Amino acid sequence: MSNIRIAAAGDSSILIEFEKEIRPDINQKISATVQLLKAQHTPGVIDIIPAFCSLLINYDPRVISFDEMKKRLEEILKIEVKAGESRKRVYEIPVCYGGKYGPDIQTIADNAGLSIEEVIQIHSSCDYLIYMLGFLPGFCYLGGLDERIHTPRLANPRLKISAGSVGIGGSQTGIYPLDSPGGWQLMGMTPVKTYDPDREVPILVEAGDYIRFIPIDEEEYLRIKDLVEKNEYEVVIREGE
């Protein structure tokens, strides 16, 4: 990655631009840089915000200057991170597909020329890389959706989509962490809260982690939902290959 560029972004932010395309190896480098920055506890760093191809660092210029910050970043970026060195965390997110939980799943199936069962199997058969968080607290921008089930967004977005809804919007899939307007095609719902302001760590996942959707029936959905409300449910986290 020889095209990395470091530039000022205002008087208290610095932007690292890695590449101009979205790729897993670029995301790995961004995630590794985030971890190295956190491990070094650089004085003056206020916030670290990863995106698809860039990383924004907000800092206090009274504590550290732009030149000093840039120098530290240049040293960190010289560290090569080989594929497989960093641990792959996969969060297993249970989803009740179809019916009242996923009112648009038939539309997704019709658009793909597949059965509902085939759509569910495809959607739940891979680990999705979280490239970045944004739009809403805990909203994950996921990569890896199978092209067979890419589905156009709704022509007329809904005024309210319930928290926990799982949907497809074009070439992306994701989970709505809060009640929100939205135009994605809804295929299911998870009882897991990917964002909970009352939790010690409100956002469940981080950029660089992975999500795997696990099909469940309504009975299991209601059982898990009850446990979540009682703060007795723990999301399964496994190490991926």
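Everything that follows concerns the structure shown earlier in this document.
Report follows, based on the coordinates. (Residues numbered from 1 in each chain as written. Predicted model: local features only at pLDDT ≥ 70, side-chain atom pairs only at ≥ 80, totals over all residues. Heavy atoms only, no water.)

**Side note on the pairing of strand β1 (residues 5–8)**
Formally: In this analysis, strands are considered paired if DSSP registers two or more bridges between them. Put simply, DSSP marks the helices as runs of H or I at least four residues long and the strands as runs of E at least two long, and each gets a number from the N terminus on.
For β1 and strand β2 (residues 13–17), the ladder comprises four bridges, and the chain directions are antiparallel. When the bridges of β2 are listed, Ala-7 appears paired with Leu-15. In this antiparallel pair of consecutive strands, β1 and β2, the connection spans four residues, and Gly-10 shows a positive phi of 90°.

**Some words on the environment of Leu-142**
Put simply, the rule is: Summary of the burial criterion: residues with accessible area below 20% of their type's maximum are buried, those above 50% are exposed, and those between are partly exposed, where the area comes from a 1.4 Å probe applied to protein chains only. When checking whether two residues touch, look at their non-hydrogen atoms; a contact exists if any pair is within 4.5 Å.
Here Leu-142 shows up in strand β7 (residues 140–143). Leu-142 sits in the buried class, given a relative accessible area of 3%. For the pair Leu-142 and Val-166, spaced 24 residues apart in sequence, the C-alpha separation works out to 12 Å. When neighbours within four sequence positions are excluded, Leu-142 is seen to be in contact with Tyr-128, Leu-129, Ile-130, Tyr-131, Gln-172, Thr-173, Gly-174, Ile-211 and Phe-213.

**So, the state of the cysteines**
Put simply, the rule is: Cysteine sulfur atoms are paired as a disulfide whenever they come within 2.5 Å of each other.
Scanning the model with the defined rule gives zero disulfides in all. With no disulfide of its own, Cys-96 lies closest to Cys-126 among cysteine sulfurs, the gap being 20 Å. Residue classification places Cys-96 among the buried positions, given a relative accessible area of 5%. Here Cys-126 is not cross-linked by a disulfide; its sulfur's nearest cysteine counterpart is in Cys-140, at 14 Å.

**A closer look at unusual backbone geometry**
Residues other than glycine seldom take positive phi values, yet Phe-135 does so here, at roughly 70°. Tracing the sequence through the fold places Phe-135 in the loop between β6 (128–133) and β7. Among the residues examined, Phe-135 registers a relative accessible area of 53% and is labelled exposed. One non-glycine residue, Asn-231, lies in the positive phi region at around 60°. By the element assignment, Asn-231 lies in the loop between α5 (218–229) and β14 (236–239). Its relative accessible area of 68% is what places Asn-231 among the exposed residues.

**Details of helix α3 (residues 105–112)**
Our working definition: The arc in question is the one spanned by the directions pointing from the helix axis to the C-beta atoms.
For α3, the complete set of buried residues consists of Ile-105, Ile-108 and Ala-109. Taken end-on, α3 shows its buried residues confined to a sector of 95°, consistent with a single buried face. Where the residues of α3 are buried, they touch β5 (89–97), α4 (116–123), β9 (165–169) and β12 (185–189).

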